[in-house]
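Coordinate inspection notes
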Amino acid sequence: MISHKMLRKRLVYLIILSILFNTLSTTLVVVGFNSSSESEHAPGRVLVKFKLGRSYVTEASRLSQLIDRELKHYGIVNISLLKVREGLEVSKVLSELSRIPSIEYAEPDYRIWVEEVFPNDPMFQYQWSLHNTGQIGGLTDADIDAPEAWTETVGTESIIIAVIDTGIDYRHPDLAGNIWINPFETVNGVDDDGNGYVDDIYGADTCNDDGDPMDDHGHGTAVAGVIGALGNNGLGVTGINWRIKIMALKFADATGSGYTSDAIEAIEYVIGMKRRGINIRITNNSWGGGSFSRSLYDAIRALENEDILFVAAAGNQAKNNDLEPHYPSSYNLSNIISVAATDDRDELAWFSNWGQLSVDLAAPGQYILSTFLQDSYQWLSGTSMAAPHVSGVAALILSKHPSYSYLEVKRLILSSVDEYPSLINLFRSGGRLNAYNSLRNQGDKIKILPITISQNFKWSISDNVILKVEVIAGPNPVIDANVSAAIYVNQILLKEIRLSDDGFPPDNMGDDGIYVGQIRVGFPGKTQILITASKEGLQEGSKIFTGEVYLTLTDFPSPFVRDGIADYAIVLGDSFSHGCFSLQARTIDALGSSIISARIGLESEEGLPELYLDTGISYCVNGVLEINWSKIDSSSIISVGGPGVNMVAYRYNSSSPFKWIYRLGYGSSIYSELTQRFYNSIWESSDYSIIQTIVDQESGKPILLVWGLTGYGTLAGSMVLARYDQYRSILVGRAVIIKWEDSNANNRVDYRDIISLIEFWEG
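The structure contained in this document is the topic of the report that follows. (Residues numbered from 1 in each chain as written. Predicted model: local features only at pLDDT ≥ 70, side-chain atom pairs only at ≥ 80, totals over all residues. Heavy atoms only, no water.)

Concerning the packing of helix α5 (residues 219-228) against helix α8 (residues 383-400)
Short version of the rule: Angles shown run from 0 to 180 degrees and are taken between the N-to-C directions of axes, each axis being a line fitted to C-alpha atoms and, for helices, limited to the stretch in contact. The helix count covers DSSP runs of H or I at least four residues long, the strand count covers runs of E at least two residues long, and both are numbered beginning at the N terminus. Handedness of a helix crossing follows the sense of rotation of the near helix relative to the far helix, less than a right angle counterclockwise being left-handed and clockwise being right-handed. Residue contacts are counted whenever heavy atoms from the two residues lie within 4.5 Å of one another. Each residue gets one of three labels, nonpolar for Ala, Val, Leu, Ile, Met, Phe, Trp, Tyr, Cys and Pro, charged for Asp, Glu, Lys and Arg, and polar for the others, Gly among them.
Following both chains from N to C, one finds α5 and α8 inclined at 35 degrees, their axes separated by 8 Å at the closest point. The interaxial crossing formed by α5 with α8 has right-handed handedness. Counted together, H219, A222, V223, V226 and I227 of α5 and S384, M385, P388, H389, S391 and G392 of α8 form the full contact between these two elements. When the residues that make up the contact of α5 with α8 are grouped by side-chain class, the tally is six nonpolar, five polar and no charged.

In structure tokens:
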């Protein structure tokens with residue numbers, strides 16, 4: 001008879017890539033520790049002791065030319081840590097301070113090098129993820145700095161990690177001493193503690209509904225070895241924690257797969273034991289798959305309520321979890337840490353998932369040597385192996401700071417990563433796990449973690465975008481910080497906004513370190529968002545995001561386009577008559593007209609000759625070009641032409657900084673009052689054009705002006721306007737100067753030519 005459990009749909013899959021390690025050296029290798037012959041010191045900081053009766057407060061005015069401010073004061077020894085003014089060399093400042101009578105001494109803030117602790121486990125030499133010397137061909141120091149971390153702590157048996165996996169070979173000689181034993185149960189065939197499992201001495205098997213979590217697959221045993229293989233015991237490998245207690249929970253069977261329900265049951269076992277007083281602080285979850293499960297989500301949220309950290313593998317599908325969520329690592333819960341995998345060169349492992357908003361950090365996960373079944377050892381690869389590195393470091397933190405909450409542990413880990421260019425835009429933290437940094441982080445450096453903005457964003461100019469970031473320093477949220485976002489379009493600063501953590505919309509909660517602001521860029525082009533956060537006494541943090549703001553037909557300035565087609569457009573020109581310089585501005589630039597009309601929906605044919613027609617639309621009065629609005633029925637006009645059209649700008653918007661001028665000996669030029677530069681055309685080679693929106697003061701109707709120094713510039717401007725989807729990075733601001741260059745030397749304006757943005761004015 002087939003059981004009900006066998007019929008259930010499998011929702012969770014373990015993806016494991018393992019390579020058998022066939023030849024293990026048992027030779028004891030003595031490895032030295034790093035040292036430095038240089039007396040390194042912190043840049044921009046000095047330590048000063050004032051003579052009795054004096055202090056920084058009393059001497060501040062005298063020191064103001066050298067010292068910016070006091071960062072910290074150590075009261076017992078009466079020493080001040082002072083920040084040197086920007087641009088001054090520490091050595092010169094120290095020389096000046098030594099001459100001040102009230103100062104007893106001044107010295108650099110020296111870097112102190114610690115000794116590293118190496119275990120005598122013979123296979124430690126192969127554990128590159130803990131200490132990388134290039135032993136398997138990788139990059140030296142592409143590791144989590146475990147020997148340095150062990151100078152701080154090697155763990156404690158008071159911290160318990162639950163490994164929810166395929167079970168654990170709890171008899172493995174390199175694990176047995178660190179396996180948790182249920183204090184409420186004895187081996188007697190009776191459910192002593194009344195939790196539904198008979199003789200659950202080492203944990204539970206929710207896959208087979210019994211109390212024996214013995215591993216029959218090997219994956220869970222390998223995970224446990226990374227976290228807590230016995231250290232310094234002269235045998236095999238070492239775990240990140242030499243001393244710890246690991247609870248074995250088997251929810252997946254010998255095939256490496258299990259059910260969502262069994263995973264939830266394992267979580268409930270954890271919560272039940274926590275409520276009985278067992279100090280479970282972390283669960284390791286090197287598994288994933290299936291769709292969003294509200295049940296599993298709620299179970300993990302219940303762990304959050306119990307102050308338990310949920311460390312999850314990000315997945316091995318080589319995909320972006322921001323676009324295709326991976327569960328459970330992608331659940332939006334604060335107690336989840338999602339972990340990607342790196343190789344021994346600090347590169348993203350070829351199989352690893354990533355996600356700047358959905359994956360928190362990376363950890364070593366390729367060719368990881370660990371404990372395996374039948375007292376053996378194996379190399380395994382996968383984010384499955386990366387996650388227990390984070391779990392192990394979290395346990396080290398708790399052994400040193402047992403009162404920390406899961407959120408404090410998570411912040412500390414994310415604020416202490418090693419950042420590398422290859423990883424910076426792949427994860428929220430931008431880096432790879434570092435155990436030593438996590439234990440030594442003083443919380444004096446701000447780190448910005450993105451929540452809603454990621455690299456390579458794509459927004460429409462009409463999008464109202466919510467910018468949300470988390471600002472932390474060590475284990476703490478940074479409250480009352482100055483957080484701002486500077487928006488650059490085509491490398492030009494467009495605007496700057498402040499992000500708030502005040503609990504008012506769009507911010508959800510005040511003083512939680514999550515800062516929110518709303519922006520609408522409004523101009524298309526290559527866009528950069530520079531977010532900076534600062535607070536007195538902390539080192540400033542910053543993060544830059546690059547993307548694109550695009551323009552569509554519906555984004556074209558109303559009322560020039562309505563419902564996706566042209567509202568109505570009349571194109572003015574001046575050609576040889578040059579407007580008010582001779583007769584009247586009464587010609588139509590047919591080519592410019594046809595290019596524009598073809599793009600926005602009017603029927604026309606490109607390549608028409610220039611026509612000279614008396615339209616009666618414009619006329620000249622005392623040298624000023626006027627428009628006969630009574631002849632225009634549309635809600636707007638598009639005006640294309642040369643210097644005569646520029647007179648419309650003079651007439652209706654004299655504040656425009658872009659002017660057509662004539663200089664004796666130079667001829668016609670465009671002059672920019674923004675940069676005090678002159679732009680001159682080179683006939684048949686290059687020209688400049690201006691695209692500008694103005695409003696007629698009399699009628700209130702908008703006018704879109706396109707004019708150049710010569711016909712080349714005018715046509716180039718028309719082409720840019722007509723192909724605004726192609727040239728959207730140029731159409732920024734209320735007035736722009738563009739440059740046309742005849743790239744193929746055919747003495748005409750075509751779509752293969754180079755057109756670039758020179759200046760823009762927002763007005």
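Some details on helix α2 (residues 56-63)
The test is simple: With a 1.4 Å probe rolled over the protein chains alone, any residue whose accessible area is under 20% of its type maximum counts as buried; one over 50% counts as exposed, and the rest are partly exposed. The directions considered for the arc are those from the helix axis to the C-beta atoms.
When α2 is considered as a whole, its buried residues turn out to be Y56, E59 and L63. Along the axis of α2, the buried positions cluster into a sector of 75 degrees, meaning they face one direction only. The exposed set on the far side of α2, more than 90 degrees from its buried face, consists of V57 and S61.

Considerations on the sheet that holds strand β35 (residues 677-679)
Applied cut-off: Strand pairing is assigned whenever DSSP detects at least two bridges linking the two strands.
Ordered in space as β33-β34-β35, the three strands form an open sheet in which the pairing is antiparallel. Strand pairing shows two members of the sheet lacking a second neighbour, β33 (658-663) and β35, which therefore form its edges. Across this sheet, the average inter-strand angle for adjacent strands is 40 degrees, counted without regard to direction. As defined by bridge partners, β33 adjoins strand β34 (residues 667-672) across six bridges and the pair is classed as antiparallel. Opposite Y662, over in β34, you have S668 as the bridge partner.

Concerning the packing of helix α6 (residues 260-275) against helix α7 (residues 294-305)
Operational definition: Should an angle fall under 35 degrees it is called roughly parallel, over 145 degrees roughly antiparallel, and 65 to 115 degrees roughly perpendicular, with every other angle called oblique.
α7 packs onto α6 with a crossing angle of 15 degrees between their chain directions and a minimal axis gap of 10 Å. Relative to α7, α6 is oriented roughly parallel. Every pair of crossing elements has a handedness; the one defined by α6 and α7 is left-handed. Each of T260, A263, I264, I267, V270 and I271 in α6 lies in contact with α7, whose residues at this interface are S295, L296, A299, I300, A302 and L303. For the contact of α6 with α7, the class distribution of residues is 10 nonpolar, two polar and no charged.

Some words on the environment of A299
For A299, the location among the structural elements is in helix α7. On the basis of relative accessibility, which here comes to 8%, the residue A299 falls in the buried class. When the C-alpha atoms of A299 and A263 are compared, they prove to be 9.0 Å apart, with 36 residues separating the residues in sequence. With residues up to four places along the chain from it excluded, the contact list for A299 reads I264, I267 and I271.

Examining the pattern of salt bridges
Rules: The term salt bridge refers to a pairing of a side-chain nitrogen on Lys or Arg with a carboxyl oxygen on Asp or Glu at a separation within 4 Å.
In total, this model carries 19 salt bridges according to the counting rule given. A salt bridge links D360 to R428, with the nearest nitrogen and oxygen atoms 3.3 Å apart. Highlighted residues: D360 in the loop between β13 (336-342) and β14 (361-364) and R428 in the loop between β17 (418-419) and β18 (431-432), separated in sequence by 68 residues. R428 carries the same exposure label as D360, and that label is buried. A salt bridge links D418 to R432; the shortest N-O distance between them is 3.0 Å. You can see D418 sitting in strand β17 and its partner R432 sitting in strand β18, a full 14 residues away along the chain. Overall, D418 belongs to the buried group, its relative accessible area being 16%. A relative accessible area of 0% places R432 in the buried class. Because the salt bridges share partners, they merge into one network encompassing D68, R69, R85 and E536.

Here we look at the packing of aromatic side chains
Between two aromatic rings, the relevant description is the distance of the centres plus the angle of the planes. We count it as follows: In this analysis, rings of Phe, Tyr and Trp, with Trp reduced to its six-membered ring, are considered paired at centre separations within 6.5 Å, and the interplanar angle assigns stacked below 30 degrees, edge-to-face beyond 60, and tilted for intermediate values.
Enumeration over the complete set of coordinates arrives at 15 aromatic pairs. Look at W287 and F310: their rings are 6.4 Å apart centre to centre, the planes differ by 85 degrees, and that puts the pair in the edge-to-face class. Note that W287 is positioned in the loop between β11 (280-285) and α7 and F310 in strand β12 (residues 309-313), a separation of 23 residues in sequence. A centroid spacing of 5.8 Å and a plane angle of 75 degrees characterise the contact between Y297 and Y331, whose relative ring orientation is edge-to-face.

Side note on the sheet that holds strand β23 (residues 482-489)
Pairing is mixed across the open sheet formed by five strands, whose spatial order is β20-β27-β26-β23-β24. The open sheet has two edge strands, β20 (457-460) and β24 (492-499), and neither has a second partner. Each neighbouring strand pair of the sheet contributes to a mean axis angle of 30 degrees, computed without reference to strand direction.

Regarding α6
For the record, the criterion: Multiplying 1.5 Å by the residue count of a helix minus one yields the expected span of that helix.
Over its 16 residues, α6 runs 23 Å from end to end, which matches the ideal 22 Å to within 8%, given 1.5 Å per residue. Every buried residue of α6 is accounted for by T260, D262, A263, I264, A266, I267, Y269, V270, I271, M273 and K274. Backbone geometry just downstream of α6 places G277 in the positive-phi region, at approximately 105 degrees.

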